[in-house]
Amino acid sequence: MSSVPKRVGIIGGGRMGAGIAQVFAAAGAVVTVVERDETAATAARERVATGLRRAAERGKLDEEPAAVLERVEVAGELSADAELVVEAVPEDAGLKAGVLMAAESVVGEQAVLATNTSSLSIAGLAEGLRRPERFVGMHFFNPVPASDLVEIVVGPRTADAVRDAASSWAAALGKTAIVVRDSPGFATSRLGVLLGLEAIRMLEEGVADAASIDRAMELGYRHPMGPLRSTDLVGLDVRLAIAEHLHRELGDRFAPPRLLREKVARGELGRKSGQGFYEWASAPSGEGR
């Protein structure tokens, strides 16, 4: 039976990072979440604690939340004995590359470095690494504890053993892995963003209101969530950044709609700001990617 690494490092304790930390800790790993300052560290730990409490309430946790939380440390730096490090910082290539190079300088030669990027080139992020064969994409989905999928993205120099290990770890988390070749947007973002952008254009053109567009995909195509509500959960700023990247790489079919740019400029970022294509009753404090 597959098992997760004994010690895992997660760089970034926002919504995604906290979710990744939660699932690895629940599977038995000792997890270090790396955050830049005390305020961010406190918020990260609270996100993990809240996630564990909600999992227990849904009957999805085998231990008491407090027992799992004891395996989670929030610190300013990685543990040198981490067997797997997953970066989950904002979708900025320069930031991610710098974080990965710094992580590589701390951990052992056999450690696996992974990125949670949803669209950036694995080959590009690996350029500054001394051991690119130990680097792979592990693209988790939001919300991480409830999502069944992990997209394993293989760069041109990723070792087969690292690819297989990442797939095995996903299985140990109770998730299904798909393996895709390094390509702009991979499989999921390329398809999901394209659908989301077209839904925004339809709203912009007055074809239908947001709820009707979403309901059409939920009932007509059995999508569990419509593309506009999904964009609110991902974050309109995150979706815009991905669309801009794919626009540069793949052409005009990924050009961000005017409405998306306007909403981001107004700070209407979706659930985390309380307003996106829908109004949200409460915006989580300090919410991040």
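Structure's up top.
Since we're looking at a predicted model, the values are computed, not measured.

The rules we used
Residues numbered from 1 in each chain as written. Predicted model: local features only at pLDDT ≥ 70, side-chain atom pairs only at ≥ 80, totals over all residues. Heavy atoms only, no water. Buried < 20%, exposed > 50% of the residue type's maximum accessible area, 1.4 Å probe, protein only. Helix = DSSP H or I, 4+ residues; strand = E, 2+ residues; numbered from the N terminus. Pairing = 2+ DSSP bridges. Axes fitted to C-alpha atoms, helices over the stretch in contact; angles between N-to-C directions. Parallel < 35°, antiparallel > 145°, perpendicular 65-115°, else oblique. Contact = heavy atoms within 4.5 Å. Nonpolar A, V, L, I, M, F, W, Y, C, P; charged D, E, K, R; others polar. Core = buried A, V, L, I, M, F, W, Y, C linked by side-chain atoms within 4.5 Å. Salt bridge = Lys/Arg side-chain N within 4 Å of Asp/Glu carboxyl O. Polar contact = N/O pair within 3.5 Å; in protein donor to acceptor, adjacent residues only side chain to side chain. Expected span 1.5 Å × (residues − 1). Left-handed = near helix turned anticlockwise from the far one by under 90°. Phe/Tyr/Trp six-rings, centres within 6.5 Å; stacked < 30°, edge-to-face > 60°. Lys NZ or Arg CZ within 6 Å of the ring centre and 35° of its normal.

Student: Looking at this structure, I do not really get the pairing of strand β4 (residues 84–87). What am I missing?
Tutor: With burial as the criterion, each face of β4 is covered, one bearing Leu84 and Val86 and the other bearing Val85 and Glu87. As paired strands, strand β1 (residues 7–11) and β4 are joined by 4 bridges and run parallel to one another. Opposite isoleucine 11, over in β4, you have glutamate 87 as the bridge partner. Here 4 bridges tie β4 to strand β5 (residues 112–115), and the two strands are oriented parallel to one another. Bridge pairing in β5 places valine 85 opposite leucine 113.

Student: So what exactly am I meant to see when it comes to the packing of helix α7 (residues 188–204) against helix α11 (residues 258–265) here?
Tutor: Helix-helix packing: each pair is described by the crossing angle between the helix axes and the interaxial distance. Closest axis-to-axis distance for the α7/α11 pair is 8 Å, and the angle between their directions is 90 degrees. Taken together, the axes of α7 and α11 are roughly perpendicular relative to one another. Residue-level contacts link Leu197, Ile200, Leu203 and Glu204 of α7 to Arg258, Leu259 and Leu260 of α11. In terms of residue class, the contact of α7 with α11 is made up of 5 nonpolar, no polar and 2 charged.

Student: How should I be thinking about the nonpolar core in this particular structure?
Tutor: Generally speaking, nonpolar side chains in soluble globular proteins are found buried as a group. In this structure, Phe24, Val31, Leu84, Met138 and Phe140 are the most contacted members of the largest nonpolar core, which totals 38 residues. It is helix α1 (residues 15–26) that contributes the most residues to this core, 7 residues altogether. Among all residues touching leucine 84, those that are not within four sequence positions of it are Pro5, Arg7, Val8, Gly9, Phe24, Val112, Ala114, Met138 and Trp169. Core analysis: the second largest hydrophobic core is formed by 22 residues, Val34, Leu78, Ala126 and Val180 among them.

Student: Can you help me understand the pattern of salt bridges in this one?
Tutor: Opposite charge on two side chains allows them to pair when their charged atoms are near. The final tally for this structure, using the stated rule, is 17 salt bridges. The salt bridge involving lysine 263 is made with glutamate 268; its shortest N-O contact spans 2.8 Å. On the accessibility criterion, glutamate 268 (17% relative accessible area) is buried. Among the ionic contacts, a cluster of salt bridges with common partners joins Glu35, Arg36 and Asp37.

Student: Explain the side chain of glutamate 151 to me, please; I cannot follow it from the model alone.
Tutor: You can see glutamate 151 is positioned in strand β7 (residues 149–154). Only 2.8 Å separates the side chain of glutamate 151 from the side chain of histidine 139, close enough to count as a polar contact.

Student: Even after reading the chapter, I still don't get unusual backbone geometry, so can you show me in this structure?
Tutor: Among all residues save glycine, negative phi is the norm, and among peptide bonds the norm is trans. Of note, the amide linkage connecting asparagine 142 to proline 143 takes the cis form, showing an omega dihedral of 0 degrees. Here proline 143 shows up in the loop between β6 (135–140) and β7. A positive phi is found at arginine 222, a non-glycine position, where the angle reads about 60 degrees. In this structure, arginine 222 sits in the loop between α8 (210–220) and α9 (227–234). Classification of arginine 222 as exposed rests on a relative accessible area of 76%.

Student: Where do I start with α7 in this structure?
Tutor: Since one α-helical turn is 3.6 residues long, residues separated by three or four positions face the same way. The first and last C-alpha atoms of α7 sit 24 Å apart over 17 residues, in line with the 24 Å expected at 1.5 Å per residue. Along α7, the residues classified as buried are Thr188, Ser189, Val193, Gly196, Leu197, Ala199, Ile200 and Arg201. Looking at the buried positions of α7, the neighbouring elements they touch are β6, β7, α8, α9, α10 (236–250) and α11. Where α7 ends, the next residue or the one after it, glycine 206, has phi of about 75 degrees, a positive value.

Student: Quick question: what am I supposed to make of the packing of α7 against α8 here?
Tutor: Running from N to C, α7 and α8 cross one another at 140 degrees; their axes reach a closest spacing of 10 Å. With respect to α8, the element α7 is oriented oblique. Where α7 crosses over α8, the two elements pack in a sense that is right-handed. Residues Leu195, Ala199, Met202 and Leu203 of α7 pack against Ala210, Ile213 and Met217 of α8. Across the contact of α7 with α8, the residue classes tally to 7 nonpolar, no polar and no charged.

Student: Can you walk me through the packing of aromatic side chains in this structure?
Tutor: Each aromatic ring pair is specified by the distance between its two centres and by the angle formed by the two planes. A complete count under the given rule lists 1 aromatic pair for this structure. Pairing phenylalanine 24 with phenylalanine 140 gives two aromatic rings, centres 6.4 Å apart and planes at 70 degrees, and the pair type is edge-to-face. A residue pair is termed long-range when its members are at least 10 positions apart, and phenylalanine 24 in helix α1 and phenylalanine 140 in strand β6 qualify at 116 residues. When the ring centre of tyrosine 278 is taken as origin, the NZ or CZ atom of arginine 229, which lies over that ring, is 4.1 Å away.

So yeah, pure geometry; function would need other evidence.
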